[in-house]
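# Analysis of the macromolecular model
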Amino acid sequence: MATVEECRAALDKLVEQFDEVSQEDRARHVVERRLACRISDLGVTFYGRIHRGGLDQFDEVPPDDGRPAEVKLTLKSEDLVSMVNGELDMGRALLGGRVKIDASLGDLLRLRKLL
């Protein structure tokens, strides 16, 4: 199990990686969405926002604080760290039940093109 700090560092790294996505790809695939990333084994949730200008830093929020989010991810701490580090494929994690994503089909297709 990873720590809250390791999860926060992984999400910070994800923000940096998203900065490397070209402006052209962002313009084509990104619409503004609020994101919630629930780390099930730690009982914490991180909240962020994706938009054409980038991916905002994630803030830790109390579980079930009621903030609306169009894209909700639920996964274990180790899986988050492994995915951001390129050690775990998002598609395989989804098919294997290690990651749960609650989002519209359109949002899923857009995110797939960016990850």
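Residues numbered from 1 in each chain as written. Predicted model: local features only at pLDDT ≥ 70, side-chain atom pairs only at ≥ 80, totals over all residues. Heavy atoms only, no water.

What follows concerns the side chain of R26. With respect to the element layout, R26 can be found in helix α2 (residues 23-29). For the buried residue R26, which engages in no salt bridge, the nearest side chain bearing the opposite charge is D19, 4.1 Å off. (Helix = DSSP H or I, 4+ residues; strand = E, 2+ residues; numbered from the N terminus. Buried < 20%, exposed > 50% of the residue type's maximum accessible area, 1.4 Å probe, protein only. Lys, Arg positive; Asp, Glu negative; His and termini not counted. Salt bridge = Lys/Arg side-chain N within 4 Å of Asp/Glu carboxyl O.)

Following the criterion strictly, the structure yields zero disulfides and no others. C37 supplies the cysteine sulfur nearest to C7, a cysteine that is in no disulfide, at a spacing of 7.6 Å. For C7, a relative accessible area of 0% translates into the label buried. (Disulfide = S-S within 2.5 Å.)

A few words on helix α1 (residues 4-19). Taking 1.5 Å as the rise per residue, α1 with 16 residues should run 22 Å; its terminal C-alpha atoms sit 23 Å apart, in good agreement. For α1, the set of buried residues is V4, C7, A10, L11, V15 and F18. Buried residues in α1, looked at end-on, bunch into an arc of 145°, giving them a common side. Among the exposed residues of α1, those oriented more than 90 degrees off its buried face are E5 and E16. (Expected span 1.5 Å × (residues − 1). Arc of directions from axis to C-beta.)

This part is about empty space enclosed by the protein. Once rolled over the atoms, a probe with the size of a water molecule shows which space is left empty. Counted according to the given criterion, the structure contains one cavity of 30 Å³ or more. What the largest cavity holds in volume is close to 70 Å³. Surrounding the largest cavity, 11 residues form its lining, V31, R33, I50, R110 and L111 being those nearest its centre. Listed by contribution, the elements that provide at least two residues to the lining of the largest cavity are β1 (33-39) and α5 (105-114). In terms of residue count, α5 provides more of the lining of the largest cavity than any other element does, four residues in total. The residue inventory of the lining of the largest cavity, partitioned by class, reads seven nonpolar, one polar and three charged. (1 Å grid on protein atoms, 1.4 Å probe; cavity = no way out; pocket = protein on both sides within 12 Å on 5 of 7 lines; lining within 4 Å. Points joined across faces, edges and corners; volume = space filled by probe spheres on them. Nonpolar A, V, L, I, M, F, W, Y, C, P; charged D, E, K, R; others polar.)

Once that is clear, we can look at the pairing of β1. Note: β1 against strand β2 (residues 44-51), seven bridges, orientation antiparallel. The partner of L35 across the bridge, within β2, is G48. Count of turn residues in the β1/β2 antiparallel hairpin: four residues, of which G43 carries a positive phi of about 70°. Pairing geometry for β1 and strand β5 (residues 71-75), over five bridges, is parallel. Residue pairing in the sheet places I39 in a bridge with L75 of β5. (Pairing = 2+ DSSP bridges.)

Remember that the coordinates give geometry; whether it matters functionally is a separate question.
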